[in-house]
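Summary of structural features
Below, each chain spelled out in residue letters.
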Amino acid sequence: MSSRQLSLLSTDTISDGFDPTRLTQARRLAGLTKRTVAEQIGVSPVAVGQWEAGTARPRPDNVAHLADVLDVPTSHFAVGRPYARLDSSAAHFRSLRKTPALQRQKAIAFTEQLWELVNALEKRVQMRPVDLPGFSAGEVLHDWDLFPTEPVPAAQALRQHWKIEPGCIHHLVRTMERHGLVVAFVSYPGAATIDAFSTSHLPRPIVVLTPNRTDDVYRHRFTTAHELGHLVMHSDCAPGDLKQEREADAFAAEFLTPRAEIAPLLPARLDLKKLEQLSQEWGVSVESLLYRCREVEAISDATYRRAFQRINQLRSAGLFRSEPVKDSPGEVPILLKRAFAVAEQNGLTMEDLADELRMKLPRLRGLLGEDETDQRPTLRLV
């Protein structure tokens, strides 16, 4: 059956072959509880629970109501397409304790659909293989015995493994994409409550970044490196541990500003002008460099705290302005846009891909990293 035929399935047919996991996914994408869905379509919460458990099937009219409430085509609920179920315990959230459960579930569902998009594109376009220590074909390998597990040595080893030259990593996101990692921006309402998250429990490691970081390219780069640290060090660990978060921060600091390289450049005493200059040269925040100054004991703890207060005052006064991510092309994900552009050259249309994935066009454009008002992608693989 073609994707176009799938999009024309009747609600009777879909009711007979209803996929309960797709209801759960769509509900989580919508950020709704079972009770809310039940109220909006006029059934009991028990009925929605039974539909999701697979112990009962919704009537054809309820299928149509579910599609309206959850903003998906009715074909979304039909069986018969690849689905990678991702458990919430398999994703590292940048601010787990501050992230509401419904938003975590929404983020997980977004990532599941992102994988479906990647899977559909890889049927048509050869993407770069994943080159991440300990990761192969969707499973984390345990034969990297010589690869360090501590943050600083792990960051140093990855820079060496990826053959990164000394100095600033000018295009961090692009570097990760060149090594087969999928990096994406979320585009759904409520995403700003999540800083970032990542998972290595799918056939490709995925890092998802949110609008909460895109207003400041330096914070964005540190957060991206933080998630990379989770992928390298914590692939088989349960997320949410504060020790893991500190380790990911230490990894990010060493990956972006190796101590052996940055320490000789740091001022011997507090000098915000010098730190701002280094910030621009290395692509990290002044705050991150201040932390480095305290690490090498160039400044005292008291000076460190006063400097942070001063920086906050300067930012409030319009100084120390942040640079948006959009002005740094190397930090904007393009892998999926480029892959689609190549597939499009070979006859794939946006409409056909949306039908195949059984989602609406705005959702597909969001997964590809476009706004609804964006022009069609014209990028080409290089």
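Rules behind the numbers
- Residues numbered from 1 in each chain as written.
- Predicted model: local features only at pLDDT ≥ 70, side-chain atom pairs only at ≥ 80, totals over all residues.
- Heavy atoms only, no water.
- Helix = DSSP H or I, 4+ residues; strand = E, 2+ residues; numbered from the N terminus.
- Buried < 20%, exposed > 50% of the residue type's maximum accessible area, 1.4 Å probe, protein only.
- Contact = heavy atoms within 4.5 Å.
- Areas by Shrake-Rupley, 256 points an atom, 1.4 Å probe, with all protein chains shown as cover.
- pLDDT = per-residue confidence, 0-100.
- Axes fitted to C-alpha atoms, helices over the stretch in contact; angles between N-to-C directions.
- Parallel < 35°, antiparallel > 145°, perpendicular 65-115°, else oblique.
- Left-handed = near helix turned anticlockwise from the far one by under 90°.
- Phe/Tyr/Trp six-rings, centres within 6.5 Å; stacked < 30°, edge-to-face > 60°.
- Lys NZ or Arg CZ within 6 Å of the ring centre and 35° of its normal.
- Arc of directions from axis to C-beta.
- Salt bridge = Lys/Arg side-chain N within 4 Å of Asp/Glu carboxyl O.
- Polar contact = N/O pair within 3.5 Å; in protein donor to acceptor, adjacent residues only side chain to side chain.
- 1 Å grid on protein atoms, 1.4 Å probe; cavity = no way out; pocket = protein on both sides within 12 Å on 5 of 7 lines; lining within 4 Å.
- Points joined across faces, edges and corners; volume = space filled by probe spheres on them.
- Nonpolar A, V, L, I, M, F, W, Y, C, P; charged D, E, K, R; others polar.
- Core = buried A, V, L, I, M, F, W, Y, C linked by side-chain atoms within 4.5 Å.

1. What to know about the overall build of the chain
Of regular secondary structure, the chain possesses 18 helices and 6 strands. In the chain, buried positions account for 51% of the 382 residues. Considering only intrachain contacts with a sequence separation of at least 6, the fraction spanning at least 24 residues in the chain is 73%. With an accessible surface of roughly 17,900 Å², the chain has 49% of that area assigned to carbon and sulfur atoms.

2. Notes on the confidence of the model for the chain
Per-residue confidence for the chain gives a mean pLDDT of 86; residues scoring 70 or more make up 84%. Between residues 372-382, whose pLDDT stays under 50, and residues either more than four places distant or in other chains, the model counts 24 contacts.

3. Things to note about the packing of helix H7 (residues 101-122) against helix H17 (residues 350-357)
Interhelical geometry of H7 versus H17 gives an angle of 120° and a closest axis separation of 11 Å. The pairing of H7 with H17 is recorded here as oblique in orientation. Considering the relative orientation of H7 and H17, their crossing is right-handed. Of the residues in H17, those in contact with Glu-116, Leu-117, Ala-120 and Leu-121 of H7 are Leu-353, Glu-356 and Leu-357.

4. A look at the packing of aromatic side chains
Evaluated as defined, the whole model comprises 5 aromatic pairs. Summarising the aromatic geometry, the rings of Trp-162 and Phe-255 are spaced 6.3 Å apart at their centres and angled 75° between planes, so their arrangement reads as edge-to-face. Of this pair, Trp-162 sits in the loop between helix H8 (151-161) and helix H9 (172-178) while Phe-255 is found in helix H11 (residues 242-256), placing the two residues 93 residues apart along the sequence. The class for Trp-162 is buried, based on a relative accessible area of 6%. A relative accessible area of 0% places Phe-255 in the buried class. Ring centres of Phe-251 and Phe-255 lie 5.5 Å apart, and the angle between their planes is 15°; this geometry places the pair in the stacked category. With a gap of 4 residues between them, Phe-251 and Phe-255 both fall in helix H11, about one helical turn apart. The residue whose ring lies beneath Arg-294 is Tyr-304, and the NZ or CZ to ring-centre distance is 4.0 Å.

5. A short note on helix H6 (residues 60-70)
The complete set of buried residues in H6 reads Asn-62, Val-63, Leu-66, Ala-67 and Leu-70. An end-on view of H6 places all buried positions within 145° of arc, on one side of the element. One or two residues past the end of H6 sits Asp-71, with phi positive at roughly 60°.

6. A few points about the pattern of salt bridges
Inspection of every chain in the model, using the stated rule, returns 15 salt bridges. As a salt-bridge pair, Glu-116 and Arg-22 come within 2.7 Å of each other at their nearest N and O atoms. Here Arg-22 lies in helix H3 (residues 20-30) and Glu-116 lies in helix H7, a separation of 94 residues in the sequence. For Arg-22, a relative accessible area of 0% translates into the label buried. One network of salt bridges, with partners in common, ties together Arg-22, Arg-81 and Glu-116.

7. A closer look at the environment of Asp-249
Its place among the elements puts Asp-249 in helix H11. Along the primary structure Asp-249 and Ala-225 are separated by 24 residues, whereas in three dimensions their C-alpha atoms are 8.2 Å apart. A distance of 2.8 Å separates polar atoms of two side chains, one belonging to Asp-249 and the other to His-226.

8. Examining empty space enclosed by the protein
Empty pockets left among the atoms are what a rolling probe the size of a water molecule brings to light. Counted according to the given criterion, the structure contains 2 cavities of 30 Å³ or more. The computed volume of the largest cavity comes to approximately 90 Å³. In this structure, the largest cavity is lined by 13 residues; those nearest its centre are Val-183, Ala-184, Pro-333, Leu-368 and Gly-369. In terms of residue class, the lining of the largest cavity is made up of 9 nonpolar, 2 polar and 2 charged.

9. Considering the packing of helix H13 (residues 272-282) against helix H14 (residues 286-295)
Orientation of H13 relative to H14, taken along the N-to-C sense of each, is 115°, at an axis distance of 9 Å. Taken together, the axis directions place H13 and H14 in an arrangement best described as roughly perpendicular. The way H13 lies across H14 gives a crossing that is right-handed. Taking contact as the criterion, the partners of Leu-275, Glu-276, Leu-278 and Ser-279 in H13 are, on H14, Val-286, Leu-289, Leu-290 and Cys-293.

10. A word on the nonpolar core
Grouped together as the largest cluster of nonpolar side chains are 47 residues, with contacts concentrated most on Trp-162, Leu-228, Val-232, Phe-251 and Phe-255. For this core, the secondary structure elements donating two or more residues are H8, H9, strand E6 (206-209), helix H10 (217-233), H11, H13, H14 and helix H15 (301-316). Sort the elements by how many residues they give to this core and H10 lands first, with 6 residues. Look past the residues within four positions of Phe-251 in its chain and what remains in contact with it is Pro-151, Ala-154, Ala-155, Leu-158, Ala-225, Leu-228, Gly-229, Val-232 and Met-233. Of all hydrophobic cores here, the second largest spans 37 residues; its members include Leu-114, Trp-115, Ile-206 and Leu-357.

11. Remarks on unusual backbone geometry
Its identity as a non-glycine residue notwithstanding, Lys-163 has a phi of 55°, on the positive side. Residue placement: Lys-163 occurs in the loop between H8 and H9. When its relative accessible area of 70% is taken as the criterion, Lys-163 is described as exposed.

12. Examining H8
Those residues of H8 not exposed but buried are Pro-151, Ala-154, Ala-155, Ala-157, Leu-158 and Arg-159. Residues of H8 that are buried make contact with H10, H11 and helix H12 (259-262).

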